[in-house]
Structures are given as C-alpha cells and as structure tokens.
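One-letter residues, chain by chain:
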Amino acid sequence: MTASTRTHLSPALKQATPIVVDHGKGSWIIGTDGRKYLDFTTGIGVTSTGHCHPRVVEAAREQVGKIIHAQYTTVMHQPLLELTDKLGEVLPAGLDSVFYANSGSEAVEASIRLARMATGRPNIIAFHGGFHGRTVAAASLTTAGTKFRSGFSPIMGGVHIAPFPYAFRYGWDIETAVAFALKELDYLLMTMSSPADTAAFIIEPVLGDGGYLPTPPEFLEGLRERADTHGIVLIVDEVQAGVGRTGKFWGHQHSSITPDIVITAKGLASGFPISAIAASTELMSKAWPGSQGGTYGGNAVAAAAGVATLDVVRDEGLVANAAVQGKVLLDGLLTLKAEHSAIGDARGLGLMQALEFVDGAGDPDAAAALRVQQGAIDEGLLLLTCGALGNVVRIIPALIVNDDEMRQGIDALSRTLKNVL
C-alpha cells in the first residue's frame, strides 16, 4: 500500500498530545521513543487503578482464557454476577438493581428512558455546563460546549436546561449562586416544564467537560427536595466522578442526598469498556419489556476487570488515598494560583481538580490554558483542557498516585506555568 492510499483515522479526531504509547505502568506512560510521562489524564478518568494494575491484568487474562463474550441476555456469566454483588457493597442504600451497558452515553440514555417510562412524563431537565455523552439523546442533555451537540439537528426534544451554580463565572459566592440557580429552576418549572411533565433531573456531582466544577451540596439537596415534592426522578451522572475519584466512593456523597438513579462507567473497570445504571428494584421494574439490552453490555472480560478494580479500590484504600492526595493537589494548585494572576480559580474534589485561566480583564483565556497543557508535555506531564470556553486545565491522576508522584506533578506544572505564562 502506498502512502497516498493509506487509510487514516478520521480528521475529526484531535489528539491532545503527540505521544504514541508503547506501554504504561501505574501513573506513568512510556512512549515509543522511550520517554516517560507522568499521566495526569488517566484516559479521561478511566484508568482508576493506574495503567495495567497487576490484579486487573491477571483477572482479564484469566477471563479471556475462559470465555470472552457471553451475551448476558442469552446466557449469564459469573463475572457479571460477581460485579453486581461488589457494586451492591458500595451503591447507595436502596439502589439494588443494576443494568449494564458499554459506555457512559449508553447508560445515560438508559437512565432517561427508564425515568420517562417510570413516570409517564416527557421532559428531562439538565443543567448548564453538564456533559452526558455524544449519542443523540445524551448530547441533547449536554451543554459543556456546542461541539458536542451542533451540526446534527434536530436533537432530542423534551429537554430543558437550567442554570448551574457556577459561582466563579457569575462573580458570586457559592451561597448566592446556589440560591439563584434554585430560584431559576423553580421559575423553569413554572414557565417551561411543569412538574407534571417533568420526568427527571440529571446532573453531575462534579461537572466534567464543563469545567471540573463541584456541584455544591446545597444545590444537590435542593434538587432532592424538589424531586421528592413533585415525583421527579433524580439522576446523578457519576460517569467521571464515581468510583473514588472525588475522595468519596460517589461524588454525590459530599452531600446528604440519595439519588433515584446512579450512572457509572469510566473508572469502574480500569480501562475496559463497561457502564451501568443502578436504581431500586421498584423503579427498575417500571422499564418496559425489551427496553434494556445490548450485544456487548456486561461483557465477561470487562466485568472481570470490574471485579478486580473494585477489589483493588477496597484493598488498597484508594478512596482514602484520593482524599489525602487530593488535599495535597489542591494545596499545590492554590499556591500556584497565588503566584500567577492568569489563574482565576483553582478548584476540585479529590483527584478531580482544575485551574481556570483568565486574561488581564478577567475574561476566559483559552489560549493560556492550551499553552499550559501543551507546555506540560515538555516537562513530562500529561494534562487535558476542558470547560465550555476551553480555558480550564484539568488534573486527573490515578487513584494510586503516591506522595512522590504528586510532588513531581505539581513541580512540573509549576515549571510549566513559569515557562508559558
């Protein structure tokens, strides 16, 4: 095959770094050129136990030798039963029924399908800056940027977007932002989507692509109160924040709420594709026959990796480690903020943290964020940008990150900031 006829990846795919990976281990990626990089991207929060954790590798290897694909509505397999039991140990009380799919987007769509079937209501209320996926229904709920929802209209109807309490953007304190967002939600329920027409609220406990913004506990509690009052299903999208990333097993556990549906994916199987929604048996039983399924959902190898992942998270105390190392990380980011006027905000929970960059007028500065993300590569540190305006750099270490790696990461980021700002 000549170079002129070689098949290429889609030009719509844009890599954040030029690195071609040879292998990875723990918190590190090694390129084909032999250079080591401290990976504070973790596959966008996926490789929760680090790259190629030995117990996850062994579980997957053993399962591949038994059966790779056992379609779970045709025959059942042991890894999925074990994974369901393991999830039962960490799911919120009362959420005792699980449906498995492949991706976060699929799980999001399953959750809104269930909510509509269970309530007989058409409308879903999502929140500004949320990211819930790229498939049509999931993208219709997504406002983390127009790139996720534009160019393929019409998107799904019955979706209404309410303000998120983004205190930094508004220039307010958190209490004022929460009061405003709840008041606007009430107004939306009176003017656009009557409670009698509203099936669900869907929200991330920490906005992901929308800018790594923790959802204030008071706002989640306000949603829970309104959901209870009006019989609305409260869906918490834990695709990125779940499985220990925020220093609690679930991101919503920084508040007092219990969701009606929890969505999980990313960190659940350390890189193998599997997702799930969990609800009470009473709620899940309201799904119409045939509305849940899928060829690859609950794949045996992915499920085995999920079992091993949950065991590692428990046995190695990774949730507690995320909380401890997250405090170190946030302290480091706040120090850097004090040193650089271009950093408007430093924020996050556990190992899900970010810097938001602004220009001299205090306006979003996407160019600065990109310079930092790209400049960090030269320092051997891998980061990603996010935010609706692209002016946020997110830091996502593996849950296994240790003191020395965290220090190296903060030092590399400090050098980068001095070089590019």
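If you're wondering where the values come from, they're calculated on a predicted model, not measured in any experiment. (Residues numbered from 1 in each chain as written. Predicted model: local features only at pLDDT ≥ 70, side-chain atom pairs only at ≥ 80, totals over all residues. Heavy atoms only, no water.)

Let's talk about the pairing of strand S2 (residues 28–31)
Working note: regular strand, side chains alternate between the two faces of the sheet. Burial of the side chains of S2 extends over both faces: Trp28 and Ile30 are buried on one face and Ile29 and Gly31 on the other. Linking strand S1 (residues 21–25) back to S2 in an antiparallel pair, the connection comprises two residues, with glycine 26 at a positive phi of about 60 degrees. Here three bridges tie S2 to strand S3 (residues 36–39), and the two strands are oriented antiparallel to one another. Considered in S3, the bridge of tryptophan 28 is made with leucine 38. What sits between the antiparallel neighbours S2 and S3 is a turn of four residues, in which glycine 34 has the positive phi angle 90 degrees. (Buried < 20%, exposed > 50% of the residue type's maximum accessible area, 1.4 Å probe, protein only. Helix = DSSP H or I, 4+ residues; strand = E, 2+ residues; numbered from the N terminus. Pairing = 2+ DSSP bridges.)

Regarding helix H7 (residues 174–191)
Between its first and last C-alpha atoms H7 spans 25 Å; for 18 residues at 1.5 Å apiece the expected length is 26 Å, and the two agree. Within the sequence span of H7, burial applies to Ala177, Val178, Ala181, Leu182, Leu185, Leu188 and Leu189. Looking straight down H7, one finds that the buried residues subtend no more than 125 degrees of arc, so they occupy a single side. Along H7, exposed side chains directed more than 90 degrees from the buried face belong to Glu175, Lys183 and Met190. In this structure, the buried side of H7 is in contact with strand S5 (123–127), strand S6 (159–162), helix H6 (167–170), strand S7 (198–203) and helix H8 (217–230). Between the side-chain oxygen of the N-cap and the backbone nitrogen of glutamate 175 there are 3.3 Å, and the N-cap of H7 in question is aspartate 173. (Expected span 1.5 Å × (residues − 1). Arc of directions from axis to C-beta. Contact = heavy atoms within 4.5 Å. Polar contact = N/O pair within 3.5 Å; in protein donor to acceptor, adjacent residues only side chain to side chain.)

Some details on helix H11 (residues 318–339)
The end-to-end C-alpha separation of H11 is 31 Å, in line with the 32 Å expected for 22 residues at 1.5 Å each. Of all the positions in H11, only Leu318, Val319, Asn321, Ala322, Gln325, Gly326, Leu329, Gly332, Leu333 and Leu336 are classed as buried. Down the axis, H11 shows its buried residues gathered within 135 degrees of arc, on one side only. Along H11, exposed side chains directed more than 90 degrees from the buried face belong to Ala320, Val324, Lys327 and Ala338. Tucked into the core, H11 has its buried residues touching helix H10 (300–315), strand S11 (343–349), strand S12 (352–357), strand S15 (392–395) and helix H13 (403–420).

Concerning the layout of surface pockets
Volume-wise, the largest pocket comes out at about 1500 Å³. In this structure, the largest pocket is lined by 45 residues; those nearest its centre are Lys14, Ile44, Arg134, Leu384 and Arg394. Only helix H1 (42–45), helix H4 (104–119), helix H12 (366–378) and strand S14 (384–386) provide two or more residues apiece to the lining of the largest pocket. Residue composition of the lining of the largest pocket, by class: 19 nonpolar, 17 polar and nine charged. Space inside the second largest pocket adds up to approximately 410 Å³. (1 Å grid on protein atoms, 1.4 Å probe; cavity = no way out; pocket = protein on both sides within 12 Å on 5 of 7 lines; lining within 4 Å. Points joined across faces, edges and corners; volume = space filled by probe spheres on them. Nonpolar A, V, L, I, M, F, W, Y, C, P; charged D, E, K, R; others polar.)

Some details on the pattern of salt bridges
Overall, the coordinates contain 16 salt bridges when judged by the stated rule. Here lysine 66 makes a salt bridge to glutamate 62, at a shortest N to O gap of 3.4 Å. Given a relative accessible area of 59%, lysine 66 falls into the exposed group. For arginine 347, the salt bridge identified is with aspartate 345, shortest N-O distance 2.9 Å. Classification of arginine 347 as buried rests on a relative accessible area of 7%. One salt-bridge network, held together by shared partners, links Arg55, Lys86, Asp311, Arg314 and Asp315. (Salt bridge = Lys/Arg side-chain N within 4 Å of Asp/Glu carboxyl O.)

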